[in-house]
Structure formats: structure tokens, C-alpha cells
Amino acid sequence: MNRYNVKIEDSVLPETYSFDELIQNGLLDERDEHIQVRLIEENEWVIARDYPFAESEVPMNKNIINALGVNRNTGSMSGYYTINDDGSINRPGNYNKPPKPDTNLIWSIICISVCLPFGLLALMESVKVDSLYSNGEYNEAIRASENSKKWSMWCLWSWLIIFGIIIIAAIASK
């Protein structure tokens, strides 16, 4: 079984890893370009997600994507990895997830019945929140939540203004 050295940014980890250990430790993150690997006997470092692992190493029940075109699923680890003083890996991934922002879905649905254009914009933003959050794009999920709330407020304010104009017009016509 092949053993790999791992380099995170400019720090080489003190131990070597098998292919399975790379996956278990989240070191084959598809989004992180700071993690590099190489076979022990090789000289050149390659970004972990692009390393051409031998097909014999890829178990049939694992999904892997690399330069050979093999499909890869490495979990949802993302962010910048650091090395602790004892040589262990500190990876944010699922351990440092911020709380999921509110989708404002109910407000968006209400707004569709009140003011269609703003309600649709609010609904489109609220639907994005879950997928962005689950993909680890936390800042974008927060932004989508804020946009959904903003469009919902625009919808409600525009409805109140229009309703107010109708009431004033009704009173003035008497």
C-alpha cells in the first residue's frame, strides 16, 4: 500500500498517510488548494485534489475525483488547515460551522401573495440559503438570508404604501 507525505501550506506533516487515512482525515478536500501530497519516493508536490491516485487504491465504495477522471467524494471538509504543536491536524470543516442563517422562507411565501416581484426575489434568495450552507459557503448563505429578508421588507413596505394610498383615495372620494 502506498504511503503519502502531506504538506499544508508550507508545513510538512511529520507522519505519512495511506489513501484511506487521507480520506478519513479530510485531506482530500476538493475546495482546499493549500493541501498537497506526494508519494514518499517522489519529489514533486501535487495539490491533493489533483493527485493521480492509482485506481487500485480507490476502493469501489469510495467516490474520488482526480486528474484520471475517477469520481471523488471527500466529505464536506473545507477551510484552511493548520498544524498543532503536537503535529495533529486542526481542520475547521464540520467542527467550526457557524449557525445556519434563517431562510425567511415563510416571509417570502407570504410576500409572493402580496407583491409578486419583490416576493419572487425574496423566495429565490431564501431557497439559496440551505444549499449554500450545506456546501460550506457560509458567508454566501448569510448574504442570501440577508437579501431574502431585505426583499421581504421591500415587499411589505410597498404593500403598506399601496394599501395606504388606496385607503386615502377611498376616503377622499367620499
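So, how was this worked out
Residues numbered from 1 in each chain as written. Predicted model: local features only at pLDDT ≥ 70, side-chain atom pairs only at ≥ 80, totals over all residues. Heavy atoms only, no water. Axes fitted to C-alpha atoms, helices over the stretch in contact; angles between N-to-C directions. Helix = DSSP H or I, 4+ residues; strand = E, 2+ residues; numbered from the N terminus. Parallel < 35°, antiparallel > 145°, perpendicular 65-115°, else oblique. Left-handed = near helix turned anticlockwise from the far one by under 90°. Contact = heavy atoms within 4.5 Å. Phe/Tyr/Trp six-rings, centres within 6.5 Å; stacked < 30°, edge-to-face > 60°. Disulfide = S-S within 2.5 Å. Buried < 20%, exposed > 50% of the residue type's maximum accessible area, 1.4 Å probe, protein only.

A.B. asks: Describe the packing of helix α2 (residues 105–114) against helix α3 (residues 116–134), listing the residues and the values that go with them.
C.D. replies: Where α2 contacts α3, the two axes come as close as 7 Å, and the packing angle between them is 160°. The angle between α2 and α3 places the two elements in the roughly antiparallel class. Crossing of α2 over α3 shows left-handed handedness. Contacts from Leu105, Ser108, Ile109, Cys111, Ile112 and Val114 of α2 reach α3 at Leu116, Gly119, Leu120, Ala122, Leu123 and Ser126.

A.B. asks: Explain the packing of aromatic side chains to me, using residue names and the numbers behind them.
C.D. replies: Tallying each qualifying case throughout the model produces 4 aromatic pairs. Here Trp159 and Phe163 contribute two aromatic rings whose centre-to-centre distance is 5.2 Å and whose plane-to-plane angle is 10°, an arrangement assigned as stacked. Placement of both Trp159 and Phe163 in helix α4 (residues 138–172) is noted, with a separation of 4 residues, approximately one turn of the helix.

A.B. asks: Would you mind going over unusual backbone geometry in detail, with residue names and values included?
C.D. replies: Even without a glycine there, the phi angle at Asn104 is positive, about 60°. The residue Asn104 is located in the loop between β8 (89–90) and α2 in this model.

A.B. asks: Which residues make up the state of the cysteines, and what are the values?
C.D. replies: In this structure the tally under the stated criterion is 0 disulfides. Cysteine Cys111 shares no disulfide, and the gap to the nearest cysteine sulfur, in Cys155, comes to 3.5 Å. Cys155 gets classed as buried once you look at its relative accessible area, which sits at 0%.

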